[in-house]
Amino acid sequence: MKKSSFVAMVLGTISGVLFAIGMCMALIPEWGTMKPGIIFGCVGVILGIITLIIWRKMTGKEPIKIYGKAVFTSIVGIIGALALGVGMCFTMVWDKMVLGIVIGLIGIVILLCLIPLIKGIKD
């Protein structure tokens, strides 16, 4: 195993665990640890970004360049995933079956739109 892969694996695991613990702390009301959970989650995200930067430097890759298409694609993916999740919540948590199915299907269609958006349509 290359040193860069090992460092990325260790730092990625630590950042993932911090993020997961933070989300559990913030989202489980019985624990009463909303503020520390948010702090842990943010530290996990920041460490994940630092891990990505360190790994790219160690492997000799260029820094990530942000293009408009990548930002738009990310926004479409986030909206689709959120719509699918909200539809699932409507169906399973709030007992609004029909509305949940409609919102979930809209989310699935938005996520399916990512395929031609990323790959393009070829003849």
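These numbers were taken from a predicted model, which means no experiment stands behind them.

Q: An account of the confidence of the model for the chain is needed here, citing residue identities and associated values.
A: Summarising the model, the chain shows a mean pLDDT of 92, and 100% of its residues fall at 70 or more. Across the chain, the element-wise mean pLDDT spans from 91 in helix H5 (residues 114-119) up to 96 in helix H4 (residues 97-112).

Q: Let's hear about the pattern of salt bridges: which residues, and what values?
A: Under the defined criterion, the tally for this structure stands at one salt bridge. Linking glutamate 62 and lysine 65 is a salt bridge whose minimum nitrogen-to-oxygen distance equals 3.5 Å. Overall, glutamate 62 belongs to the exposed group, its relative accessible area being 53%. Accessibility expressed as a relative area gives 51% for lysine 65, which makes it exposed.

Q: Break down the packing of helix H3 (residues 68-92) against H4 for me, with residues and values.
A: Remark: H3 packs on H4, axes separated minimally by 7 Å, with the N-to-C direction vectors making an angle of 160°. When the interaxial angle is binned, H3 and H4 end up roughly antiparallel. In the crossing of H3 with H4, the sense of the turn from one axis to the other is left-handed. From H3, Val76, Gly77, Ile79, Gly80, Ala81, Ala83, Leu84, Val86, Gly87, Phe90 and Thr91 reach across to H4, where they touch Met97, Leu99, Gly100, Ile101, Ile103, Gly104, Gly107, Ile108, Ile110 and Leu111. Residues belonging to the contact of H3 with H4 are distributed by class as follows: 14 nonpolar, seven polar and no charged.

Q: Can you explain helix H2 (residues 34-58)? Please cite residues and give values.
A: The end-to-end C-alpha distance of H2 is 36 Å, a good match for the 36 Å that 25 residues give at a rise of 1.5 Å each. Every buried residue of H2 is accounted for by Gly37, Gly41, Gly44, Leu47 and Thr51. Here the buried face of H2 lies against helix H1 (3-27). Of the residues trailing H2, glycine 60 is marked for its positive phi of about 80°.

Q: Break down a nonpolar patch on the surface for me, with residues and values.
A: Residues Met97, Val98, Ile101, Val102, Leu105, Ile106, Ile108, Leu112 and Ile115 make up a contiguous nonpolar surface patch of roughly 840 Å² in combined accessible area. Looking at where leucine 112 falls in the secondary structure, it is placed in helix H4.

Q: Lay out the environment of threonine 51 in plain terms, naming residues and giving numbers.
A: Position of threonine 51 relative to the elements: it lies in helix H2. For threonine 51, a relative accessible area of 8% translates into the label buried. Aside from chain neighbours lying at most four places away, what touches threonine 51 is Ala8, Leu11 and Gly12. Within the structure, the side chain of threonine 51 is placed 2.7 Å from the backbone oxygen of leucine 47, a separation counted as a polar contact.

Reading the values: the criteria
Residues numbered from 1 in each chain as written. Predicted model: local features only at pLDDT ≥ 70, side-chain atom pairs only at ≥ 80, totals over all residues. Heavy atoms only, no water. pLDDT = per-residue confidence, 0-100. Helix = DSSP H or I, 4+ residues; strand = E, 2+ residues; numbered from the N terminus. Salt bridge = Lys/Arg side-chain N within 4 Å of Asp/Glu carboxyl O. Buried < 20%, exposed > 50% of the residue type's maximum accessible area, 1.4 Å probe, protein only. Axes fitted to C-alpha atoms, helices over the stretch in contact; angles between N-to-C directions. Parallel < 35°, antiparallel > 145°, perpendicular 65-115°, else oblique. Left-handed = near helix turned anticlockwise from the far one by under 90°. Contact = heavy atoms within 4.5 Å. Nonpolar A, V, L, I, M, F, W, Y, C, P; charged D, E, K, R; others polar. Expected span 1.5 Å × (residues − 1). Patch = residues over 30% accessible without salt bridge, like charges linked within 9 Å, V, L, I, M, F, W, Y side chains within 5 Å. Areas by Shrake-Rupley, 256 points an atom, 1.4 Å probe, with all protein chains shown as cover. Polar contact = N/O pair within 3.5 Å; in protein donor to acceptor, adjacent residues only side chain to side chain.

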